[in-house]
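# Observations on the three-dimensional arrangement
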Amino acid sequence: MNTILNERKDNTVYEAQSQSTESHNSIFETNDLNLWYGNTQALKNINLQIPEKKITAIIGPSGCGKSTFIKTLNRMVEMVPIVKTSGDIKYNGTNILNRDFQVEDLRTKVGMVFQKPNPFPKSVYDNIAYGPRIHGIKNKKVLDEIVEKSLRDAFIWDEVKDRLKENAYGLSGGQQQRVCIARCLAIEPEVILMDEPTSALDPISTSKVEELVQELKKKYSIIIVTHNMQQAARISDKTAFFLNGEVVEYNDTETLFSNPSDQRTEDYITGRFG
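Residues numbered from 1 in each chain as written. Predicted model: local features only at pLDDT ≥ 70, side-chain atom pairs only at ≥ 80, totals over all residues. Heavy atoms only, no water.

## Here we look at the overall build of the protein chain
Note the following rule: Numbering goes from the N terminus for both helices and strands, where a helix is a DSSP run of H or I of at least four residues and a strand is a run of E of at least two. Think of it in three bands: with a 1.4 Å probe and only protein chains considered, a residue is buried below 20% of the maximum accessible area for its type, exposed above 50%, and partly exposed in between. Positive residues here are Lys and Arg, negative ones are Asp and Glu, while His and the chain termini are left out of the count. A single reference atom marks each charge: NZ on Lys, CZ on Arg, CG on Asp, CD on Glu.
Counting its secondary structure elements, the protein chain contains 10 helices and 10 strands. When the backbone C-alpha atoms are referred to their principal axes, the protein chain occupies close to 55 × 45 × 35 Å. When each of the 274 residues of the protein chain is scored for burial, the buried share is 50%. Averaging the coordinates of the 34 positive side-chain charges in the protein chain and doing the same for the 37 negative ones gives two points 5 Å apart.

## Examining helix α4 (residues 140–153)
Heads up, the condition is: An expected span of 1.5 Å times one less than the residue number is assigned to each helix. In this context, the arc is that of the directions from the helix axis out to the C-beta atoms. In what follows, a contact means two residues having at least one pair of non-hydrogen atoms within 4.5 Å.
In this model α4 runs 20 Å from its N-terminal to its C-terminal C-alpha over 14 residues, within 8% of the 20 Å that 1.5 Å per residue would give. Buried residues of α4: Leu-143, Ile-146, Val-147, Ser-150, Leu-151 and Asp-153, and no others. Looking down the long axis of α4, one finds its buried residues gathered within 160 degrees of arc, a one-sided arrangement. Contact partners of the buried residues in α4: α3 (124–134), α5 (157–160), α6 (173–185) and α7 (203–216).

## Quick word on the sheet that holds strand β8 (residues 221–225)
Quick note on the threshold: The pairing criterion for strands is at least two bridges between them, as found by DSSP. Axis geometry follows a simple rule: fit a line to the C-alpha atoms, using only the stretch in contact for helices, then measure angles between N-to-C directions, giving values from 0 to 180 degrees.
Here we have six strands laid out as an open sheet, ordered β6-β7-β8-β3-β9-β10, and mixed in their pairing. Unpaired on one side and paired on the other, β6 (110–113) and β10 (246–252) mark the two borders of the sheet. Along the sheet, successive strands turn relative to each other by an average axial angle of 15 degrees, direction set aside. Summarising the sheet, strand β9 (residues 238–243) and β10 pair through six bridges and their orientation is antiparallel. Residue pairing in the sheet places Lys-238 in a bridge with Asp-252 of β10.

## Considerations on the side chain of Glu-249
What counts is decided by this rule: Whenever Lys or Arg places a side-chain nitrogen within 4 Å of a carboxyl oxygen from Asp or Glu, that contact is recorded as a salt bridge. Contacts described as polar in this section are N or O atom pairs within 3.5 Å, which, within protein, must combine one atom able to donate a hydrogen with one able to accept it, while residues neighboring in sequence count only if both atoms come from side chains.
As for its position among the elements, Glu-249 is in strand β10. Lacking a salt bridge, the buried Glu-249 has Arg-264 as its closest oppositely charged neighbour, with an N-O distance of 7.9 Å. Here Ser-261 takes part through its backbone nitrogen, which lies 2.7 Å from a polar atom of the side chain of Glu-249.

## A short note on the nonpolar core
The test is simple: By nonpolar core we mean a set of buried residues, namely Ala, Val, Leu, Ile, Met, Phe, Trp, Tyr and Cys, connected to one another through side-chain atoms within 4.5 Å.
Counting 46 residues, the largest nonpolar core has Ile-59, Leu-151 and Ile-192 as its most contacted members. A per-element tally of this core places α6 first, with five residues. Judged by nonpolar contacts, the second largest core, of 31 residues, contains Leu-33, Leu-35, Ala-42 and Ile-46.

## Concerning α6
In this model α6 runs 19 Å from its N-terminal to its C-terminal C-alpha over 13 residues, within 8% of the 18 Å that 1.5 Å per residue would give. Within α6, 12 of the 13 residues are buried, which leaves it mostly tucked inside the rest of the structure. Of the positions making up α6, those classed as buried are Gly-174, Gln-175, Gln-176, Gln-177, Arg-178, Val-179, Cys-180, Ile-181, Ala-182, Arg-183, Cys-184 and Leu-185. Of the surrounding elements, those touching the buried residues of α6 are β6, α3, α4, α5, β7 (191–195) and α7.

## Things to note about the pattern of salt bridges
Under the definition given, this model contains 15 salt bridges. Of the charged contacts in the structure, one is a salt bridge between Asp-144 and Lys-140, with a shortest N-O distance of 3.0 Å. A residue pair is termed a helical-turn pair when its members lie 3 or 4 positions apart in one helix, as Asp-144 and Lys-140 do in helix α4 at four residues. The exposure class of Asp-144 is partly exposed, given its relative accessible area of 30%. Lys-140 gets classed as exposed once you look at its relative accessible area, which sits at 51%. One salt bridge connects Glu-166 with Arg-163, and the closest N-O pair in it is separated by 3.0 Å.

## A closer look at the packing of aromatic side chains
Applicable threshold: When two rings of Phe, Tyr or Trp (its six-membered ring) have centres within 6.5 Å they constitute a pair, described as stacked for plane angles under 30 degrees, edge-to-face for angles over 60, and tilted for the intermediate range. Placement of a positive charge over a ring is assigned whenever Lys NZ or Arg CZ falls within 6 Å of the ring centre and within 35 degrees of the normal to the ring plane.
Within this structure, the stated rule accounts for five aromatic pairs. Here Phe-28 and Tyr-91 contribute two aromatic rings whose centre-to-centre distance is 5.1 Å and whose plane-to-plane angle is 35 degrees, an arrangement assigned as tilted. In this pair, Phe-28 is assigned in strand β1 (residues 26–37) and Tyr-91 in strand β4 (residues 83–91), connecting sequence segments 63 residues apart. In this structure Tyr-91 comes out as buried when scored by relative accessible area, which is 8%. Aromatic pair Phe-241 and Tyr-268: ring centres 5.0 Å apart, planes at 20 degrees, arrangement stacked. Of this pair, Phe-241 sits in strand β9 while Tyr-268 sits in helix α10 (residues 263–269), placing them 27 residues apart in sequence. A relative accessible area of 0% places Phe-241 in the buried class. Looking at Tyr-268, the relative accessible area reads 4%, which means it is buried. Among the aromatic residues, ring-to-ring pairing joins Phe-241, Tyr-268 and Phe-273 into one connected group. Cation over ring: Arg-183 sits above Phe-120, and NZ or CZ is 4.1 Å from the ring centre. Taking NZ or CZ as reference, Lys-238 lies 4.9 Å from the ring centre of Tyr-250, over its face.

This is the structure:
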């Protein structure tokens, strides 16, 4: 079988949608999560336990519910007026779908990086300082420190340190995306959601972002939607395969790509459809 990873057989058996036997905590847990856009059901009985300080990739063909799913994790999907949900989503053990849960607090802890770079039409400095200022930080020295640290953590400080007063739109696409990641880091989240963050980038910029993502998992839990299966295989620890709004298979990345337990997963990763 032609697979993206070198084939490796091991004796550990994992079941789809099950918790890994590794000793780590779950940052998110979804239980029988369903979602509808009007009368159209986009997510069907999603049961996932997403580990903290790991990279979890969500793969699947267009329209399978990948982006919808990660937008439920910071409740951004609720910005669509016709959305309704059932089931629950636990973040650090608390159901974020409860009416009394403060969505503002959630989005401080669960940051988002989008498919296309979306810097604000401001200077590089003001892009990074925006979140901290919203949270009440006004001291220039403190803001300077946050801006530098965030840009360093996003692997872009050396490229922009002499351009902090320039409009971020003047940067290349790859640089803009790393500035957007730095902007996310500036508010010190616990989780970073990434919705196909390299799909609009060239191969060199993609490589830089992938290197950055692997470094960030030392401090953050990362959930990345990607249409690029090679990317999922390169950088993620766990992978969930979505199809028609359902989780077909969820497993350690190497096992899922080298020894999938569901024929539909094998058909997708070997290019028979999608």
